[in-house]
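# Observations on chain architecture
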Amino acid sequence: MSVKQQLDGDLRKYGGIDQESAYSITQPPKFRKAVYLSSMVAAVGGFICGFDTGAISGILAMPVFTENFFTEENIVYLQGLLLALYLTTAALGAFFSGYFTDRFSRKYSIMAAAGIFSTGILLQIIGVNFGILLAGRVIGGFGSGLMTNAIPLYHSEIAPADIRGRLISFFTLMATFGQVAGYFTTFGTSYVPSNWAWRGPWLLHLIVCVLFGISMISLPFSPRWLIDKGRYEEAKQVLVELHEVSAKHPLVIDEYDSIVSEIEFERSLGKRSYIELFQGSNLKRTLLSFFISISTSFTGSVAIWYYAPQIFQNAGLDDTSTSIAATGGTGILSFVAAFISLQYFIDRVGRRPVFLIGASVMGISMFVVGAMFHAYAIVDVETSAVTITNPYARNTIIAFLYIFIATFQFSWGTASYVYPAEVFNMRTRAKGLALTYGLNWAFSILITYCVPLFIAHTVSGVYFFFGSCCCVCFIGCCFIPETKGKTLEEMEKLFGAK
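Computed from a predicted structure; not experimentally measured.

Scoring rules and cut-offs
Residues numbered from 1 in each chain as written. Predicted model: local features only at pLDDT ≥ 70, side-chain atom pairs only at ≥ 80, totals over all residues. Heavy atoms only, no water. Helix = DSSP H or I, 4+ residues; strand = E, 2+ residues; numbered from the N terminus. Buried < 20%, exposed > 50% of the residue type's maximum accessible area, 1.4 Å probe, protein only. Contact = heavy atoms within 4.5 Å. Areas by Shrake-Rupley, 256 points an atom, 1.4 Å probe, with all protein chains shown as cover. 1 Å grid on protein atoms, 1.4 Å probe; cavity = no way out; pocket = protein on both sides within 12 Å on 5 of 7 lines; lining within 4 Å. Points joined across faces, edges and corners; volume = space filled by probe spheres on them. Nonpolar A, V, L, I, M, F, W, Y, C, P; charged D, E, K, R; others polar. Axes fitted to C-alpha atoms, helices over the stretch in contact; angles between N-to-C directions. Parallel < 35°, antiparallel > 145°, perpendicular 65-115°, else oblique. Left-handed = near helix turned anticlockwise from the far one by under 90°. Patch = residues over 30% accessible without salt bridge, like charges linked within 9 Å, V, L, I, M, F, W, Y side chains within 5 Å. Salt bridge = Lys/Arg side-chain N within 4 Å of Asp/Glu carboxyl O. Core = buried A, V, L, I, M, F, W, Y, C linked by side-chain atoms within 4.5 Å. Polar contact = N/O pair within 3.5 Å; in protein donor to acceptor, adjacent residues only side chain to side chain. Phe/Tyr/Trp six-rings, centres within 6.5 Å; stacked < 30°, edge-to-face > 60°. Lys NZ or Arg CZ within 6 Å of the ring centre and 35° of its normal.

### Focus: the overall build of the chain
A tally of regular secondary structure across the chain gives 20 helices and two strands. Residues classed as buried in the chain amount to 59% of the 498 residues present. The long-range share in the chain, meaning contacts at least 24 apart out of those at least 6 apart in sequence, stands at 81%. Roughly 19,100 Å² of accessible area belongs to the chain as shown, and the carbon and sulfur atoms make up 67% of that amount.

### A closer look at the environment of Ile 116
The residue Ile 116 is located in helix α5 (residues 106-126) in this model. Note on Ile 116: relative accessible area 25%, which makes it partly exposed. With 31 residues separating them in the primary sequence, Ile 116 and Met 147 have C-alpha atoms 9.8 Å apart. Excluding residues within four positions of it along the chain, Ile 116 makes contact with Ile 139, Phe 142 and Gly 143.

### Focus on empty space enclosed by the protein
Tallied over the full model, the rule gives three cavities of 30 Å³ or more. In this structure, the largest cavity spans a volume of roughly 550 Å³. Thr 53, Gln 179, Tyr 417, Asn 440 and Trp 441 are, among the 30 residues lining the largest cavity, the residues nearest its centre. Considered class by class, the residues forming the lining of the largest cavity number 14 nonpolar, 16 polar and no charged.

### Focus: the packing of helix α15 (residues 351-376) against helix α19 (residues 459-477)
At a minimum axis distance of 8 Å, the contact between α15 and α19 shows a crossing angle of 160°. The orientation of α15 with respect to α19, classified from their angle, is roughly antiparallel. As α15 packs across α19, the resulting crossing turns out to be left-handed. Split by residue class, the contact of α15 with α19 holds 18 nonpolar, seven polar and one charged.

### Some thoughts on unusual backbone geometry
Although it is not a glycine, Ser 105 adopts a positive phi angle of roughly 95°. Along the polypeptide, Ser 105 turns up in the loop between α4 (75-104) and α5. Taking relative accessible area as the criterion, Ser 105 reaches 0% and is therefore assigned buried.

### Points about a nonpolar patch on the surface
Nonpolar side chains collect at one region of the surface, where Val 192, Trp 196, Leu 203, Ile 207, Val 210, Leu 211, Ile 214 and Ile 217 lie side by side and expose about 730 Å² of accessible area between them. Turning to its location among the elements, Ile 217 is positioned in the loop between α8 (196-215) and α9 (223-228).

### Section: the environment of Leu 85
By the secondary structure assignment, Leu 85 is in helix α4. For Leu 85, a relative accessible area of 27% corresponds to the partly exposed category. C-alpha of Leu 85 to C-alpha of Phe 142: the two residues are 57 residues apart in sequence and 9.9 Å apart in space. Residues within four places of Leu 85 in sequence aside, it is in contact with Leu 134 and Val 138.

### Some words on the nonpolar core
Soluble globular proteins tend to bury their nonpolar side chains together. With 128 residues, the main nonpolar core has Phe 65, Phe 130, Trp 202 and Trp 412 as its most contacted residues. The leading source of residues in this core is helix α2 (residues 33-59), at 11 residues. Not counting residues within four places of it along the chain, the set of residues in contact with Phe 130 comprises Phe 69, Phe 70, Leu 78, Leu 81 and Leu 82.

### Some points on the environment of Asn 425
As for its position among the elements, Asn 425 is in the loop between α17 (412-423) and α18 (429-457). What makes Asn 425 buried here is its relative accessible area of 6%. Taking C-alpha positions, Asn 425 is 9.0 Å from Glu 266, a pair spaced 159 residues apart along the chain. Within the structure, the side chain of Asn 425 is placed 2.8 Å from the side chain of Thr 428, a separation counted as a polar contact.

### Examining the packing of aromatic side chains
By the definition in use, this model includes 30 aromatic pairs. Through pairs of rings, three or more aromatic residues link up here, namely Phe 65, Phe 69, Phe 70, Phe 130, Trp 198 and Trp 202. Sitting over the face of the ring of Phe 221, Arg 231 holds its NZ or CZ atom 5.3 Å from the ring centroid. Lys 236 extends its terminal NZ or CZ atom over the ring of Tyr 256, reaching a point 4.6 Å from the ring centre.

### Observations concerning the pattern of salt bridges
Applying the stated rule across the entire model yields 11 salt bridges. Here Lys 431 and Asp 102 are joined by a salt bridge, their closest N and O atoms 3.5 Å apart. Within this pair, whereas Lys 431 is found in helix α18, its partner Asp 102 is found in helix α4, the two being separated by 329 residues in sequence. Residue Asp 102 is classed as buried on the basis of its relative accessible area of 8%. The closest approach of N and O atoms between Arg 351 and Asp 347, which form a salt bridge, is 3.1 Å. Looking at Arg 351, the relative accessible area reads 0%, which means it is buried. Residue class for Asp 347 comes out buried when judged on its relative accessible area of 14%. Several salt bridges share partner residues, and in doing so they unite Asp 102, Arg 106, Glu 157, Arg 429 and Lys 431 into one network.

Now the structure itself:
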């Protein structure tokens, strides 16, 4: 069989692209099953991280949990500590992920993260006292931070340029689905009159985490990582499997040659270091990624996700189960919003417009919620309890919280993982993402720990603050370069590398 006949057969397999242009074809097939399957399996890690967020927010609102571990005097401090230390070790996991993913591969780093996370969840289930519970959160946080960095990195390196945003967004979509599952699992177990009300969700979490770690065994290594380690034939075979075409197909040859050329050039620059992130054309990429990462934290999304049940209670939904259910409703809406962004916007409209839409709508939402709390909130001086008796104000707050959360997931919750994962070159990608996501976790720590204290002094002020931050995010995003449709290697030209 001639090369042309072989190419013609490959083309017919993918839906009749003009056979006469077989030798010059650069457009990928419409559907690459192996790429989507690998991305979807890896994205289950997003479900695991999201489930933790959804579950812990519901668990913290359960009387059976709070009575077991806290007193009225220390509940604000210890709840903040429980969340803050989890985020602290998550930040450490993200910072160290650059070394692990470069040294041991993206694939093995994800598997290790699943094992560490599972250990932490097991300690949380045992949870006979606050110390063991806290140890579980600390260990689980490290696994979460490592996983949160390694999976988008893995996605970015196996994904073709035309669908890279969509595939990286699978992580966000699954994280949103995990939050929904966490909310409604805790909603169901909140009616259990024993400690299994909070242990049950974590048991389910543990089972999924273990199965995920095992399932990663069957996934391929990143072809870019393999080439970087000198395993050229393995890399070419992975590209063949991902594209589901022959080794002589232009799709494989062009991508392979492009990756090899970039990595050989990077090797000529000598030993890699973190200092490179702040030199030459890398400085702009690093600062842009840092801006996106820090801005994501200051939109207020972290505070809303972790304290949503308490916020809904402040808005007038007094019953614990009802507030958890309302939070679950925001999760469902967010899942739909993330899917719409993934399917129709992130790879078609672009990253920058999505950021701008999100910042504007979220800013308006925060200002409206703040205004409602400022005008209608009634604070009990003795207990500091916040209530809103005006039904119109209560419904407005709930509606705009829904709008805020859905908009975040549509925009920043999706694009903030895509943009940093694609702007760095192979030489600096792992280290750049480690610092970028590490900063996100670090600022999440600050916000998560400060929000309960902020709300205790001024309920409306916290929303005005986040609304103002969204305005700053909007202005900043007006100046970021658009990366839609560009290969990872083409980013060099976009950022002016010589």
